[in-house]
Amino acid sequence: MIIDDALTGPHRGLRTRPGSLLLGPTGRRLWAEVLDDVPGFRGSIDYVHKINVPLLFTVAPDRPAAPERSEGTWRPSHLRSRQRFGGGVLLEEARFVTWTDEAVSIQTWHNEGTEPVTVRATFDRQWCRLDADGRVRGEREITEYDFSIQLSITTSDPAIWAGVEVAPGERYEVRLVAAMRHTSGDPADPVIDQTSDWDAVDPGLLQRQIAEYQGWFDEVPELRTGSTMLDRAWAYRWYILRSCLTEPQLGYLQGLTATEGRSHKHTKEPWTVVGHEFSMLVPLSSPFHVVDLRWHGNPAIGSAVMTAAAATQTEDGQLCATKIRHRSKGYANYYGFAIAQFAKVHGRDSLPEAAVETAVRQALREHRVGLRAGTDELPVESDHKRTGKEYQPSYWYWHDYPTDAKDPATFTPLKRVDRAIYTYQNARAAASLIGDDPRAAELTAIADTVREAVLAKQWDAETGFFYDLHHETDEQARVRNVVGFYPWWAGITDEQHLTGLRAAIGPELFGTSLRYPSVAQDCAAFRPQGGWMGNFIKGRNGCMWNGPAWPYTTGLALDAIGTAALRHDDEDLAAEFSAGLWSYLRSHFRDGDPAVPYLVEHYDPLTGEPISDEPDYNHSSLIDLLVRYVVGLQPGPDELRIRPLEVGVDDIAMRGVRIGAHVLDVEITGARGARRVELSCHGAAVHAGPLGPDGVTVAWDPQVCDHRRAAR
């Protein structure tokens with residue numbers, strides 16, 4: 001996939017900061033959270049975590065800027081802009097951040113006026129200086145994270161610091177490269193190379209950036225469906241994964257790590273690190289990263305990401321949210337299940353043993369040691385934030401949803417459905433990964449016990465849904481939380497549960513304009529914009545799970561519906577999967593416009609309004625859903641099945657998808673009822689024929705490919 005071709009669009013900026021600019025590429029540690037609409041790099045610039053560097057450098061003429069916003073083109077690899085100033089001055093600029101942490105600006109100034117103009121570069125003199133060699137250097141200690149940053153700015157023309165005169169009718173080209181590095185205060189951290197091979201004198205910097213950035217996407221499968229929205233959402237989710245990769249080489253985060261995002265909440269005050277951010281490892285999201293990354297042709301990326309998550313595990317088996325110098329509490333997740341899914345594509349040998357052992361310890365210890373499970377093996381959640389779903393109303397069910405939800409006297413710990421299903425999925429997956437290891441029997445027993453308890457205790461046949469339980473009495477909290485879809489996702493349901501699922505997706509409950517709200521509309525605490533009983537206790541953009549729709553659970557609910565639709569050959573559920581998928585796809589773009597990708601944390605499910613403003617949020621899965629349900633690829637140990645659901649696109653082509661030793665091209669053509677599929681491997685035809693209701697099954701060994709040998 002050529003990512004710049006697939007995702008080019010107009011300028012992007014923060015919704016809550018009109019006129020701002022978002023940059024596409026991010027570095028190993030350096031990125032621009034948001035830029036002001038001025039030349040160079042001014043805004044909120046970060047390194048490893050949020051530090052809010054206000055300025056690297058900027059360049060300006062001795063003329064005022066035009067009042068209009070700059071024009072330009074946003075690309076994943078770089079940002080191009082055209083900005084006008086008084087007196088007929090025009091700037092054309094390309095900006096990017098390299099993977100090796102250089103902020104680069106390539107500028108061409110045009111004097112289309114009648115008077116000379118002087119163009120001058122400036123920097124932050126509070127912590128930087130201009131040395132005699134024409135290079136700007138600076139150093140500043142970031143005490144909160146126990147490292148110092150070093151900045152070195154070079155330019156193709158050092159005269160720019162004093163000012164360069166551009167005569168009427170002339171143009172002036174200049175390139176500036178700001179390399180940021182760090183020195184750790186911990187001697188255990190590796191010493192990084194302080195030099196940079198990005199030379200401002202080199203006229204080929206932009207071409208180099210495009211080529212190097214593209215390299216990560218060379219092994220991403222190409223998807224073409226005839227739908228601009230679907231195809232761009234595919235490209236966008238791959239962009240998000242790349243954008244959120246980091247490699248701090250500091251403290252707890254030494255290797256390649258997938259973060260939950262690159263945006264801030266709260267303050268953007270210069271040099272201020274307080275307030276929440278997403279540029280950290282959050283194990284709640286790590287499984288989503290792993291299941292989507294399994295479709296990247298280079299398994300080393302996903303393996304590194306799961307290794308980083310494994311390193312956050314504590315003695316009680318939980319995986320913890322982690323910054324370079326700090327670990328917080330554990331978060332609910334399906335880590336073991338995710339890495340087992342990864343192995344279905346790249347083979348068991350693609351999993352680091354540290355990741356497998358982490359999965360086993362999590363499945364054996366997390367629910368028992370960390371979450372006080374009893375003989376039914378159902379975990380008890382005593383902190384509503386630790387499932388990542390703050391303020392789910394069921395915790396306050398027995399106190400009739402009090403106005404003050406922060407009063408601990410009104411809170412009840414729960415045996416949560418999501419915790420239970422994660423335990424089931426993780427135990428079952430971990431057992432499958434360790435073969436005849438004696439621990440496999442115990443893991444299987446845990447999974448079986450949880451399954452029986454969920455079906456016996458958390459299911460209510462009368463209302464047709466799964467509910468959280470009182471931690472002591474097992475009484476059901478009759479609140480339809482979105483996590484009630486999870487048992488269908490796990491595949492533990494059967495025909496008797498289908499009526500309940502069909503009812504849940506109806507317009508009175510979860511079938512809102514934007515699927516799927518975090519709690520059904522019949523709940524007394526349902527608030528689509530997130531306030532608690534009329535009080536916005538976490539602000540207007542706060543994390544609330546008592547009504548808003550979150551991509552996190554929208555993806556899992558779609559997976560549940562897709563699983564049930566295929567398993568029971570249910571046309572109603574298949575139709576809902578299609579409707580829910582398109583709703584989900586629209587949320588990936590501002591105003592539903594495919595030209596402007598903009599996925600955030602949560603939305604009003606009735607109107608589709610983005611409630612929060614953290615673009616490119618990496619807290620859910622979509623790539624895996626598109627491969628398994630739209631293209632229909634379902635790899636197994638001795639066969640490949642192709643069984644897509646109908647989503648309203650006739651022709652689908654996926655090229656270059658790697659499964660084990662195979663590199664496949666899949667093409668599906670024709671309208672419903674007359675579809676055909678063609679499958680090839682390494683360019684050699686494997687199958688061609690009708691695509692019936694049960695799909696197509698091809699016998700194979702995922703790790704042995706005769707077609708590759710034949711192609712050679």
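So, here is what we can say about the structure in this document. (Residues numbered from 1 in each chain as written. Predicted model: local features only at pLDDT ≥ 70, side-chain atom pairs only at ≥ 80, totals over all residues. Heavy atoms only, no water.)

### Structural notes on the sheet that holds strand 6 (residues 79-85)
- Spatially, 1-5-6-7-8-14-12-11-10 is the arrangement adopted by the nine strands of the open sheet, whose pairing is antiparallel. The open sheet is flanked by strand 1 (9-10) and strand 10 (128-130), the only strands paired with a single partner.
- Bridging between strand 6 and strand 7 (residues 89-97) involves seven bridges; their strand directions are antiparallel. Across the sheet, residue Leu-79 finds its bridge partner in strand 7, namely Arg-95. (Pairing = 2+ DSSP bridges. Helix = DSSP H or I, 4+ residues; strand = E, 2+ residues; numbered from the N terminus.)

### So, the pattern of salt bridges
- All told, the structure shown has 47 salt bridges when counted by the stated rule.
- When the shortest N-O distance is used, the salt bridge between Arg-515 and Glu-576 registers 3.1 Å. Here the residue Arg-515 occupies a position in the loop between helix 11 (498-504) and helix 12 (551-568), and Glu-576 occupies one in helix 13 (residues 571-586), the gap between them amounting to 61 residues.
- For Arg-515, a relative accessible area of 16% translates into the label buried.
- Classification of Glu-576 by relative accessible area gives buried; the value is 8%.
- The structure contains a network of salt bridges with shared partners spanning Arg-129, Asp-131, Asp-133 and Arg-137. (Salt bridge = Lys/Arg side-chain N within 4 Å of Asp/Glu carboxyl O. Buried < 20%, exposed > 50% of the residue type's maximum accessible area, 1.4 Å probe, protein only.)

### A word on the sheet that holds strand 27 (residues 662-669)
- Across the sheet, five strands lie side by side as 15-26-27-28-29; this open sheet has antiparallel pairing. Taken across any chain shown, the strands that pair with only one partner, and hence form the sheet edges, are strand 15 (222-224) and strand 29 (684-690). Taking the axes of each pair of neighbouring strands and ignoring which way they run, one obtains an average angle of 15° across the sheet.
- In terms of strand pairing, strand 15 meets strand 26 (residues 652-659) through three bridges, oriented antiparallel. Its bridge partner lying in strand 26, Leu-223 is registered against Met-654. (Axes fitted to C-alpha atoms, helices over the stretch in contact; angles between N-to-C directions.)

### What to know about the packing of aromatic side chains
- Inspection of the entire model under this criterion finds 44 aromatic pairs.
- Measuring from centroid to centroid gives 6.1 Å for Trp-459 and Trp-488, while their planes differ by 80°, and the two rings are edge-to-face. Of the two residues, Trp-459 is situated in strand 21 (residues 459-460) and Trp-488 in helix 10 (residues 486-490); the sequence distance between them amounts to 29 residues. For the pair formed by Trp-459 and Trp-488, the shared burial category is buried.
- Summarising the aromatic geometry, the rings of Tyr-486 and Trp-489 are spaced 5.7 Å apart at their centres and angled 70° between planes, so their arrangement reads as edge-to-face. (Phe/Tyr/Trp six-rings, centres within 6.5 Å; stacked < 30°, edge-to-face > 60°.)

### Things to note about the nonpolar core
- Ranked by size, the top nonpolar core spans 207 residues in total, and within it Leu-56, Ile-149, Trp-238 and Phe-485 carry the most contacts.
- Residues in contact with Leu-56, not counting those within four places in the same chain, are Phe-41, Ile-45, Ala-103, Phe-123, Leu-151, Ile-153, Ala-178 and Met-180.
- Counting residues in hydrophobic clusters, the runner-up holds 14 residues, among them Ala-405, Val-519, Ala-525 and Phe-526. (Core = buried A, V, L, I, M, F, W, Y, C linked by side-chain atoms within 4.5 Å. Contact = heavy atoms within 4.5 Å.)

### Concerning the pairing of strand 12 (residues 147-155)
- Counting buried positions over the nine residues of strand 12 gives nine, a clear majority of the element.
- Taken together, strand 11 (residues 136-142) and the strand that follows it, strand 12, pair antiparallel across an intervening segment of four residues, in which Asp-146 is found at a positive phi of about 60°.
- As judged from the nine bridges shared by strand 12 and strand 14 (residues 171-184), these two strands associate in the antiparallel manner. Across the sheet, the residue bridging to Phe-147 is Ser-184, located in strand 14.

### Observations regarding the state of the cysteines
- Overall, the coordinates contain zero disulfides when judged by the stated rule.
- Of all cysteine sulfurs in the structure, the one in Cys-543 sits closest to Cys-523, which takes part in no disulfide; the separation is 19 Å.
- The closest cysteine sulfur to the non-disulfide-bonded Cys-705 is located on Cys-681, 3.4 Å from its own sulfur. (Disulfide = S-S within 2.5 Å.)

### Observations concerning the packing of helix 3 (residues 228-243) against helix 14 (residues 623-631)
- Where helix 3 contacts helix 14, the axes come no closer than 9 Å and their chain directions differ by 140°. In terms of their interaxial angle, helix 3 and helix 14 are classed as oblique. Between helix 3 and helix 14, the contacting residues are Leu-230, Trp-234, Arg-237, Trp-238 and Leu-241 on the first element and Ile-623, Leu-626, Val-627 and Val-630 on the second.
- Across the contact of helix 3 with helix 14, the residue classes break down as eight nonpolar, no polar and one charged. (Parallel < 35°, antiparallel > 145°, perpendicular 65-115°, else oblique. Nonpolar A, V, L, I, M, F, W, Y, C, P; charged D, E, K, R; others polar.)

### Overview of helix 5 (residues 299-310)
- Over its 12 residues, helix 5 extends 17 Å from the first C-alpha to the last, a length consistent with the 16 Å expected when each residue adds 1.5 Å.
- Residues of helix 5 that are buried: Pro-299, Ile-301, Gly-302, Ser-303, Val-305, Met-306, Ala-308, Ala-309 and Ala-310.
- Considering only its buried residues, helix 5 is in contact with strand 16 (245-246), strand 17 (257-258), helix 4 (286-293), helix 6 (335-346), helix 7 (353-370) and strand 26.
- Here helix 5 starts with a cap whose side-chain oxygen sits 3.0 Å from the backbone nitrogen of Ala-300, and that cap is Asn-298. (Expected span 1.5 Å × (residues − 1). Polar contact = N/O pair within 3.5 Å; in protein donor to acceptor, adjacent residues only side chain to side chain.)

### Overview of the environment of Ala-661
- On the secondary structure map, Ala-661 appears in the loop between strand 26 and strand 27.
- On the basis of relative accessible area, Ala-661 is assigned to the buried category, the value being 9%.
- Spatially, the C-alpha atoms of Ala-661 and Asp-701 are 8.8 Å apart, while their sequence positions differ by 40 residues.

### As for the side chain of Asp-37
- Position of Asp-37 among the secondary structure elements: in the loop between strand 2 (30-35) and strand 3 (41-47).
- Among buried Asp, Glu, Lys and Arg side chains, Asp-37 stands out as unpaired, with Arg-69 the closest opposite charge at 4.6 Å.
- One polar contact links Asp-37 to Ser-70, side chain to side chain, over a distance of 2.7 Å. (Lys, Arg positive; Asp, Glu negative; His and termini not counted.)

### Quick look at the packing of helix 6 against helix 8 (residues 417-433)
- The geometry of helix 6 relative to helix 8 is characterised by a closest axis approach of 7 Å and an angle of 45° between their N-to-C directions. With respect to each other, helix 6 and helix 8 are oriented oblique. In the packing of helix 6 onto helix 8, the handedness of the crossing is left-handed. Residues Tyr-335, Gly-336, Phe-337, Ile-339, Ala-340 and Ala-343 of helix 6 lie in contact with helix 8, whose contacting residues are Gln-425, Asn-426, Arg-428, Ala-429, Ser-432 and Leu-433.
- Considering only residue class, the contact of helix 6 with helix 8 consists of seven nonpolar, four polar and one charged. (Left-handed = near helix turned anticlockwise from the far one by under 90°.)

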